[in-house]
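Architecture and fold: a report
Take a look at the letters that make up each chain.
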Amino acid sequence: MEKKEQKILGVSWNVFLLGIVSFLNDMSSEMIAPVVPTYLTDVLGIGKAASGSIMGLIESLSSLFKVLFGYFSDRFRKRKLFVAFGYLFSTIAKAALAFVHSWWEFITLRILDRVGKGIRTAPRDALIAESSEKGKTGKSFGFHRMMDTLGAVAGPLTAIAILKLLKDIPMETAYRYVFLLSAVPGIIGVVIVVLLVKDKGGDVKRKIKGISALKSKNLRLFLLVVAIGALGRYSYAFTLWKAEELGFSVVQGLGFYALFNLIYALSAYPLGAYSDTFGKKKMITIGFGLAALASLTFAYARDIYTLIAAFVLYGLYIAIEDTIPRAYMADLAKEFEKGTVIGAYHTVFGVFVFPASVIAGWLWQSYSLTYSFTFAALMNMLAMGLMVFVRE
C-alpha cells in the first residue's frame, strides 16, 4: 500500500515549501514595489503617462516568457531547475537597482527581473498542480497565493521600517538601501528551492502526445475572457497614485498597500479551498464583479474611509483572480501539458495587462484618475458578463 504523503496546514510538503519560497520572494519584491512609482516620477523625473506605460510594460513582459518556459518544463520534466533559476535571476536584478542612475538602466533591470518571473511562474504553478491532491488544486493554489501575499504584507512594512530608520539621509539614498536589502529574503528562497523542493513530473511520460486542452473551444473562450479582464487590470501603482492625489504621503501609501495585501493574504486560501466545492467558474465570475466595484470605489474615493474600502475590495478581487484561474487551468490541462496550458493563461493575461496600463496612464494624463478606474470597471463588467458562456 502506497504511503500517504505528509501534509502541513492541509497541503503537501512541496506546496508548503513553495509557499515559503513565494513568501520570501514576494517580501523581496514588495520591499521595492511601493517605492517604485515615486522613484520613477520624483527621482528619475518620468512623466505620468510614461510612468503608467512603464509599469504596465514591466508587468506584461514577464508573461511573454511564461508559455515558452512552461512548455520547456513539460518537455524536460525538470520544473525545479526553471523555478530556481527564475528566482535567482529576479533577486539579482532587484538588488542591482541600488546602483542605477538613469531611466534606461532602471527599465533594463526591471525587465530582467520580469524575465526571471517569466522563467519560473508556469513551471512553479505546474509543480504546485502536480503536488496537489486530486480535486484540491484550488486549496493548493489558495495556500500558495496566501503565502505569496503575506510576503507582500511583510515587504512594504519592512520598507517602511527601513525608510523610518534612514529618515535623516536623502530619500534617494534611502531608496537605494531598500533595493539592496531586498536581496536577502530572495537568496534564502533560492536556497530552499535548490535544497528542499522536489520535482514531481518524473511520473509523466516525457513524450508529448494526445489532444491538447488548448484546442478546446471552452478553454479558448475562457482565455478571451481573461484577455478582456486583463484590460481592466491596472498596475498597483495607480492605487498608490490615487492615495497621493488625495494628499497621503509615500509612507501612508505603503500602509494602504500593506492593508490591500493583508486582505489578499487572509482571503486567498479560504476562497481557493472553497472554490473546489463551490465551483471555480462561479468564483471567477464573482471576482470580476468585485473588480468592477473596487475600480468604481477608487474612481470616486474622496476621503480615507472610501479609500480604505477600495483597497479592501481590491484585495478580495485580486485574491480570487490571481488564484482560482490558475487552478481552473490546471484542472483542464492534461498531465503532459500542465506547464504549457498554465503558461498560456499567464501569457494571454500579461499581453493584455500592458495596454491596460497604457490606456489607464493616458486617461490619467488627459483627463483624471477617475476615468482610468472607470475604464477598468467597464472591462471587468464585460468579462463578468462573458463568463456566462464559459462551461464549468
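Below you will find a few notes about this structure. This is a predicted model, so every value here is computed, not measured.

Below, the discussion takes up the overall build of the chain. The helix and strand inventory of the chain stands at 17 helices and two strands. Split into buried and exposed, the 392 residues of the chain put 60% on the buried side. Long-range contacts, defined as pairs at least 24 residues apart, comprise 85% of the intrachain contacts of the chain with a sequence gap of at least 6. Surface exposure of the chain reaches about 16,000 Å², of which carbon and sulfur atoms provide 68%.

It is worth spelling out the environment of Leu386 at this point. With respect to the element layout, Leu386 can be found in helix H17 (residues 369-386). Every residue in contact with Leu386, bar those within four places of it in the chain, is listed here: Val225 and Ile228.

Any aromatic ring pair is given by two values, namely how distant the centres are and how the planes are angled relative to each other. A full pass over the atoms with the stated rule returns 23 aromatic pairs. The interplanar angle of 85° and the centroid separation of 5.7 Å between the aromatic rings of Phe69 and Phe72 together place this pair among those described as edge-to-face. Residue Phe69 and its partner Phe72 are located together in helix H4 (residues 66-76), separated by three residues, close to a single helical turn. Aromatic ring contacts, followed pair by pair, group Phe248, Phe256, Phe260, Tyr264, Phe298, Phe311, Tyr314, Tyr317 and Phe373 into a single cluster.

What follows is about empty space enclosed by the protein. One pass over the full model with this rule turns up two cavities of 30 Å³ or more. Considered as a void within the structure, the second largest cavity measures approximately 100 Å³ in volume. What lines the second largest cavity is a set of 13 residues, and nearest its centre among them are Val226, Gly229, Phe288, Glu321 and Phe349. Per-element accounting of the lining of the second largest cavity gives the leading share, four residues, to helix H10 (residues 217-230). Split into classes, the residues belonging to the lining of the second largest cavity amount to nine nonpolar, two polar and two charged.

This part takes up the pattern of salt bridges. Opposite charge on two side chains permits pairing when their charged atoms draw close. One pass over the structure, following the stated rule, counts 12 salt bridges. In this structure, the salt-bridge partner of Arg326 is Asp125, at a minimum N-O distance of 3.0 Å. Residue Arg326 is found in helix H15 (residues 324-332), and its partner Asp125 is found in helix H6 (residues 103-130); the two are separated by 201 residues along the sequence. Taking relative accessible area as the criterion, Arg326 reaches 8% and is therefore assigned buried. A relative accessible area of 0% places Asp125 in the buried class. Several salt bridges converge on common partners, so that one network encompasses Asp74, Arg79 and Glu130.

Cut-offs applied
- Residues numbered from 1 in each chain as written.
- Predicted model: local features only at pLDDT ≥ 70, side-chain atom pairs only at ≥ 80, totals over all residues.
- Heavy atoms only, no water.
- Helix = DSSP H or I, 4+ residues; strand = E, 2+ residues; numbered from the N terminus.
- Buried < 20%, exposed > 50% of the residue type's maximum accessible area, 1.4 Å probe, protein only.
- Contact = heavy atoms within 4.5 Å.
- Areas by Shrake-Rupley, 256 points an atom, 1.4 Å probe, with all protein chains shown as cover.
- Phe/Tyr/Trp six-rings, centres within 6.5 Å; stacked < 30°, edge-to-face > 60°.
- 1 Å grid on protein atoms, 1.4 Å probe; cavity = no way out; pocket = protein on both sides within 12 Å on 5 of 7 lines; lining within 4 Å.
- Points joined across faces, edges and corners; volume = space filled by probe spheres on them.
- Nonpolar A, V, L, I, M, F, W, Y, C, P; charged D, E, K, R; others polar.
- Salt bridge = Lys/Arg side-chain N within 4 Å of Asp/Glu carboxyl O.

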